[in-house]
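# Residue-level structure breakdown
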Amino acid sequence: MTDNDILVEVRDLKVHFPITRGVIFDRTVGHVKAVDGVDLRIPRGKTYGLVGESGCGKSTLGRALLQLTPPTGGEVVFDGVELTTLPAGRLRTMRRRMQMIFQDPMSSLDPRQNVESILTEGLQTHGIGTDRDDRRRIIGETLDAVGLPRWALSRYPHEFSGGQRQRIGIARALVLGPELIVADEPVSALDVSIQAQVVNLLDELQDSLGLTYLVIAHDLAVVRHISDVVGVMYLGALVEEAPGDRLYSEPLHPYTRALMSAVPVPDPDVEDRRERILLAGDLPSPANPPPGCRFHTRCPWAQPTRCADERPALREIGASRVACHWAEQIASGELRPHAVRAEVVRPEGEGETPGVVSAPTEPGSYV
Amino acid sequence: MALLEVDDLCVTFSRRGQRPVRAVDGVSFSVDAGEVVGLVGESGCGKSVTSLAVMGLLPRQPGVRVDGKAVFDGTDLLQLDDRSRRDIRGRDVAMIFQDPLSSLNPVIPIGLQVTEVLTRHRGMRGAAAGEEAARLLDRVGIPDPKRRLKEYPHQLSGGMRQRALIAMAVACKPRLLIADEPTTALDVTIQAQILELLKELVRDSGTALVMITHDLGVVAGLCDTVNVLYAGRVVETARRRPLFRQPRHPYTVGLLGSVPRLDAGRGERLNPIPGSVRDVLPWPDGCAFAPRCSRRIDECVGEPPDLVLTHDGRSYRCVNPAPLPGVTPGADIRATAPTEVEPGSVPAQAVPDDPPTVPGLGPAPREEEKP
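Cut-offs used in this document
Residues numbered from 1 in each chain as written. Chains lettered and ligands numbered in written order. Predicted model: local features only at pLDDT ≥ 70, side-chain atom pairs only at ≥ 80, totals over all residues. Heavy atoms only, no water. Helix = DSSP H or I, 4+ residues; strand = E, 2+ residues; numbered from the N terminus. Contact = heavy atoms within 4.5 Å. Buried area = accessible area lost by both parts, 1.4 Å probe. Salt bridge = Lys/Arg side-chain N within 4 Å of Asp/Glu carboxyl O. Polar contact = N/O pair within 3.5 Å; in protein donor to acceptor, adjacent residues only side chain to side chain. Nonpolar A, V, L, I, M, F, W, Y, C, P; charged D, E, K, R; others polar. Disulfide = S-S within 2.5 Å. Buried < 20%, exposed > 50% of the residue type's maximum accessible area, 1.4 Å probe, protein only. pLDDT = per-residue confidence, 0-100. Axes fitted to C-alpha atoms, helices over the stretch in contact; angles between N-to-C directions. Parallel < 35°, antiparallel > 145°, perpendicular 65-115°, else oblique. Left-handed = near helix turned anticlockwise from the far one by under 90°.

A word on the environment of threonine 93 of chain A. Here threonine 93 of chain A shows up in helix 2 (residues 88-95). Remark: the alpha-carbon pair of threonine 93 of chain A and histidine 126 of chain A, spanning 33 residues in sequence, is separated by 7.0 Å.

Okay, here's the thing in structure tokens:
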């Protein structure tokens, strides 16, 4: 792949938020490392899906990529232009080419602006269109593209249903003719039957306009459906990145495996047969992340050596990039999951005996 | 005799100057001991109002009308006075709510909230109640329960709060547990933990569980019987496997077709249901789903479709259901029956309310029962 095909490249991106104490002097007592060293590349015309649980930093990464939250360190290169050091005026003109779709269409649209005003604002800011009629033409075409009727122009956001509001949000991003769209949880506020409409719309728009997407979502099934490459985040860092199909057929990182096994599939036969890896406990605080591998406190495959004291870097295994010291050994079955930290529970099927399938727990049998 | 038998439950909200809203419009279902029954539907289909009505948690004011019956172990919950209802609630019937942060009291420690149930229903006091509360928290998988008892809800994570809520609900070993979207506010890995916990509770204590959710994946893994709701009515009832393998009602078909699946490939288009939940026809004027339905025929509009019972114990409310895969005489006959009766102009009443009298087709008693 040549550099020309890469639309966005992120190198060692860091976003740290200070934790302050005190009334008069804001002493900084620590940092929440929301994003802590992320590298990724998004090819032109493709979809990059970012998944992870709440608090893993996926939304912050999306906002930092668009410079909506200033990054603490690292670089974001958009079509050959380094964005983090760009002067404000030039950054603003670049913004036309990268737009965002927000999660909750009700709170991201101004309730006192009608749809025409919402859509015109961006056009005026960027000086697109020669006069009012020309802008109306552009807006009309955009409404057609997202499947909203023309009479929507004079209405206000509260007059629409959730799915239609999300279409307005998409139209707002689309009207400027962007190349990159960052969609932060675009469907999670919608009903199931409406979700599918919006997912299909995003797919169609990509086909017809050649858009590049960064889709951020917690729902793996949605991300899997829409993405070419999927990155999995845990506590501010990517733990695995792979082409969609490969990630789902051969997850390499223990966290990815646990995540996959936790997603419910609407099929009783699959649900009864699959093996669940239940993670113990909750996500550690990003203000005080565990040393070494971030995941080692909950990892069923954690080893006594390396995991607790050496932070794994992303390395290539086949077509995937994985941040795990023991990925090959886990994939080959050489390492067995701990019985102590997490249990692999087989769901109770008809006639089968339920029970905890535990691996040998003697210390010598891990390595 | 089922443990809970909800029969023709109707909830109407009326406001002066506005048309009354029928949030729940004749919902009937039954729950046996140890059974997991799912109520599935999108927002606004009446699934939460159903559970609130059964629990008697709807406000008692002139605008709210609850009709029908909800018979729990011989007593109609809807006819009880407040005092005896409070005796049952929390002891025999308990509920788990969706958002644990807003259903726990933020200014009272967890321990006190758990012991409140024990004091009210099991008469435990002081140290004994504290011991039991710690045991309950331990039972639902909260680490270091003794210390957690003194903590406030905001000090716990979302998953822990939901566990605490489950601990309160199971404190008196209820015979029926109603869970209203218990995992919607949680992350997938935590959701898996909570679902596993609920499964264990049902398996170990024989508690019946009514699971209210919009997530078909959750239903597929947990429920024995599934009721699909749309616009306040049950449109399809079936055992878990038949429902997912051969959905009959077009709404169920649509729901299943519009969920992106983890085990499907990239680029497979989803088949969404057109329109939105707002596009409903009032039930008296026909099938509420008709405006969005892909299998709509003339008979759908005019009068509400009746519940059709099939021989394998499932039922659906549709005059033109999705055909079963393969050659199934029953489906063919029913689909073509209206036109055979009266070719040309078919008045709405020509829709056969009673299924044709073909052997094995008529409404038979439910044969497939819980294992």
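This part takes up the interface of chain A and chain B. Taken together, the 55 residues of chain A in the interface contact 48 residues of chain B. Taken as a group, Val192, His225 and Pro266 of chain A account for 15% of the area that chain A buries against chain B, more than any other trio of residues on that side. Taken together, chain A and chain B are joined by 5 salt bridges. Across the salt bridge formed by aspartate 269 of chain A and arginine 245 of chain B, the nearest N and O atoms sit 3.3 Å from each other. Counting the contacts that link chain A with chain B gives 13 residue pairs in polar contact (both at pLDDT 80 or more). Secondary structure elements with two or more residues in the side of chain A that touches chain B: helix 7 (192-209), helix 8 (220-226), helix 9 (244-249), helix 10 (254-262) and helix 11 (268-273) of chain A. Per-element accounting of the side of chain A that touches chain B gives the leading share, 11 residues, to helix 7 of chain A. For the side of chain A that touches chain B, the class distribution of residues is 25 nonpolar, 11 polar and 19 charged.

Let's shift gears to the state of the cysteines. What the rule picks out here adds up to 0 disulfides over all chains. Cysteine cysteine 324 of chain A is unpaired, with the sulfur of cysteine 307 of chain A as its nearest cysteine sulfur at 6.3 Å. Look at cysteine 324 of chain A and you get buried, because its relative accessible area is 8%. No disulfide involves cysteine 287 of chain B; its nearest neighbouring cysteine sulfur is the one of cysteine 300 of chain B, lying 5.9 Å away.

The next point concerns unusual backbone geometry. Residue and element names in this part refer to chain A. With phi around 65 degrees, glutamine 67 is a residue other than glycine that occupies positive phi space. Take glutamine 67: it is sitting in the loop between helix 1 (58-65) and strand 4 (73-78). With a relative accessible area of 13%, glutamine 67 lands in the buried category. A positive phi angle is found at aspartate 79, which is not glycine, with a value near 50 degrees.

What follows deals with the confidence of the model for chain B. Looking at chain B, pLDDT values average 82 and 87% of them are 70 or higher. In the predicted complex, the global pTM is 0.80; the interface-specific ipTM is 0.78.

Mapped onto the fold, arginine 274 of chain A is located in the loop between helix 11 and strand 11 (276-277). At a separation of 2.9 Å, a polar atom in the side chain of arginine 274 of chain A contacts the main-chain carbonyl oxygen of methionine 260 of chain A.

With that settled, consider the packing of helix 4 (residues 110-122) of chain B against helix 5 (residues 126-139) of chain B. Residues and elements named next belong to chain B. Where helix 4 meets helix 5, the axes come as close as 9 Å, and the angle between the chain directions of the two elements is 115 degrees. Relative to helix 5, helix 4 is oriented roughly perpendicular. Both helix 4 and helix 5 take part in a crossing whose hand is right-handed. Contacts between helix 4 and helix 5 pair Ile110, Val114, Thr115, Leu118 and Arg122 from the former with Ala129, Gly130, Glu132, Ala133, Leu136 and Leu137 from the latter. Taken together, the residues that form the contact of helix 4 with helix 5 break down as 7 nonpolar, 2 polar and 2 charged.

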